[in-house]
Amino acid sequence: MSDRYQEFANSALGKLVIKNLGLPMPLELERFDPNKPLINGAVLLGAAPGSTLGGPISDVLNTVHADTYAGNHAALQQAAAKVGLNLRPYNSGDKESRFKVMIFDASGIQNSEQLVELFNFYSPVARQLLPNGRVIVIGRTPELCSNPKMATAQRALEGFVKSVGKEFKKASTAQLIYVAEGAEANLESTLRFFASAKSAYVSGQVVRVSAGATQKIDWNAPLAGKTALVTGASRGIGEAIARTLARDGAQVICLDVPAQEADLQRVAGEIGGLVLPLDITASDAGQKIAEFANAESQSKGLDVVVHNAGITRDKTLANMKDQQWNLVMNINLSSEERINDTLLAEGALNANARIVCVSSISGIAGNLGQTNYATSKAGVIGMVHSVAPTLANGVTINAVAPGFIETQMTAAIPLGIREAGRRMNSMSQGGQPVDVAEAIAWFASPASGGLNGNVVRVCGQSLLGA
Ligand SMILES: NC(=O)c1ccc[n+]([C@@H]2O[C@H](COP(=O)([O-])OP(=O)(O)OC[C@H]3O[C@@H](n4cnc5c(N)ncnc54)[C@H](O)[C@@H]3O)[C@@H](O)[C@H]2O)c1
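Per-chain numbering applies: the sequence of each chain, read as written, is numbered from 1 onward. Local features in this predicted model are restricted to residues of pLDDT 70 or higher, and side-chain atom pairs are both shown and tallied only at a pLDDT of 80 or more, whereas totals for entire chains, interfaces and linings draw on every residue.

With respect to the nonpolar core
In this description, a nonpolar core means buried residues of the types Ala, Val, Leu, Ile, Met, Phe, Trp, Tyr and Cys, linked to one another by C-beta atoms lying within 7 Å. Counting other C-beta atoms within 10 Å of its own, a residue is labelled buried from 20 upward, exposed at 12 or fewer, and partly exposed in the gap between, with every C-beta atom placed from the backbone. Of all hydrophobic cores here, the largest spans 128 residues; its most connected members are Ile177, Ala228, Leu229, Val230, Leu245, Cys254 and Ile440. Each helix is a run of DSSP H or I of at least 4 residues and each strand a run of E of at least 2, with the numbering of both proceeding from the N terminus. Considering every element that reaches this core, the biggest residue donor is helix H16 (residues 433-444), with nine residues. Per the annotation, domain bounds derive from an automatic or database assignment of domains. Structurally, this core is a two-domain feature, drawing no fewer than three residues from each of domain 1 (31-209) and domain 2 (227-458). Distance between backbone-placed C-beta atoms decides contact: two residues are in contact if it is within 7 Å. Among all residues touching Val230, those that are not within four sequence positions of it are Gly238, Ile241, Ala242, Leu245, Val252, Cys254, Leu255, Val306 and Asn308.

Pasting the structure below:
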């Protein structure tokens, strides 16, 4: 769907009008292009004294051939040299250099006084981040810190990152990654995602990396040989998810209601996928999916399950019919629970399978006219949190919570509310279906075994529920 305001804002006349009136300026977001380097510009790396993640961070930067700079920091130099990363010197007085990514290892911060290290690193270079830049702070999971002072200081990082996300503008993003002790090897998939254009519409997010089993992969085809089921795949976000997972090498089973079969055939045909016309609310839906995957898929089971199908039936509570409540709850939540239960019970999920759910910021913030929808989507978050610790065999469950994404669903929103939804975020624009799809592909990766029970918003740092 076209965003006329954004088109106008990027014209010569629009730029002038917007500057003079102080209106939001939605810069065009850079999105992933396989023909460009994953990190498309220089990286500035820093660390608080006593930090321990310099090695794993340098390792990732080395693998992606990042042009990396650091100030005079002996421990970082040593950690980088050990993994073969050529850390180029950055002189702190240099105001000319520009950086695409600024990464700070905050794992050494032990107490609130030491939080000044964040300020010392970022304040002098705050004007030197390029448009579409990335600020990434990496710390230690507060709940796992044995010392309360350290837990307090690590938790404080969240406020810093969320403020930077709102302050730096120019389509830049800011994220916080907490790495549990012993989970250092699992940092790679998350650092790659947040440092790249794949996370264009994700900002102000906090991710916890834990010590799950992570497999070595070909980063150009992370899902090669894998089979992924995507529900609601005939259009909108589901179609983008199917295309993105196929791009990453997966064979995709495209599922949607039988009435959507023609569109489903089109999408599946274009990506070499399989077609499964099925209503997920059918009592035997889980069984049918398990049988289909077993009989038709290349991996004789499922490696990725994406619960994307969802509907809205907006009405204020006083005007809502029980049918509107029941339908939304059944499609958006109960059917997902039933399908998961059956797939797990039937052994239809292969080892290290990934379940990825689509929630909504409405499930976090609540929304007028959406008691049914918000309840179902908050339930999806509850499901992710409660099911994650029960999974075995390397299986994980995570969710994305989209904000305003340009699809048929949001095109149906009345103009005034639609404009507010589009602009009330750090990017001053709606996201594209591919932005949600990229986040799902990151969770779906075999290299994301350290992500379990996470909920990440794809909302351009929307003000709703933040
Ligand atoms: N568009 C947004 O801004 C936005 C924001 C937050 C969350 N979401 C969520 O993202 C997901 C996709 O949304 P979208 O905007 O692409 O919506 P959409 O309406 O364009 O697509 C949803 C798809 O789900 C399918 N579906 C519905 N009921 C089904 C059933 N019983 N069985 C099988 N398939 C069924 C539909 O046929 C449709 O193809 C939904 O879960 C939605 O709640 C969307």
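Some words on the site of the ligand
Any residue qualifies as near a molecule or strand once its backbone-derived C-beta atom lies within 6 Å of it. Residues in close proximity to the ligand total 27 residues, the closest being Gly232, Gly236, Gly310, Ile405 and Met409. Mapped onto the shell around the ligand, the elements with two or more residues apiece are helix H8 (236-247) and helix H14 (408-411).

A few points about the environment of Phe443
One can find Phe443 in helix H16. Placed 322 residues apart in sequence, Phe443 and Phe121 show a C-alpha to C-alpha distance of 30 Å. Not counting the four nearest positions on each side in its chain, Phe443 is found in contact with Arg354, Val356, Asn398, Ser448 and Leu451.

Looking at the domain arrangement of the chain
What the domain assignment reports for the chain is domain 1 (31-209) and domain 2 (227-458). Measuring from the centre of the C-alpha atoms in domain 1 to the corresponding centre in domain 2 gives 30 Å. Listed as interface residues are 21 residues of domain 1 and, on the opposing side, 18 residues of domain 2. Basically, the charged four are Asp, Glu, Lys and Arg, the nonpolar ten are Ala, Val, Leu, Ile, Met, Phe, Trp, Tyr, Cys and Pro, and anything else, Gly included, counts as polar. A class-by-class count of the residues in the side of domain 1 that touches domain 2 yields nine nonpolar, seven polar and five charged.

Some thoughts on unusual backbone geometry
Its identity is not glycine, yet Asn132 carries a phi of approximately 60°, on the positive side. Relative to the assigned elements, Asn132 resides in strand E5 (residues 129-139). We classify Asn132 as partly exposed; it has 19 C-beta atoms within 10 Å. Of note, the phi angle at Lys169 is positive, near 55°, even though the residue is not glycine.

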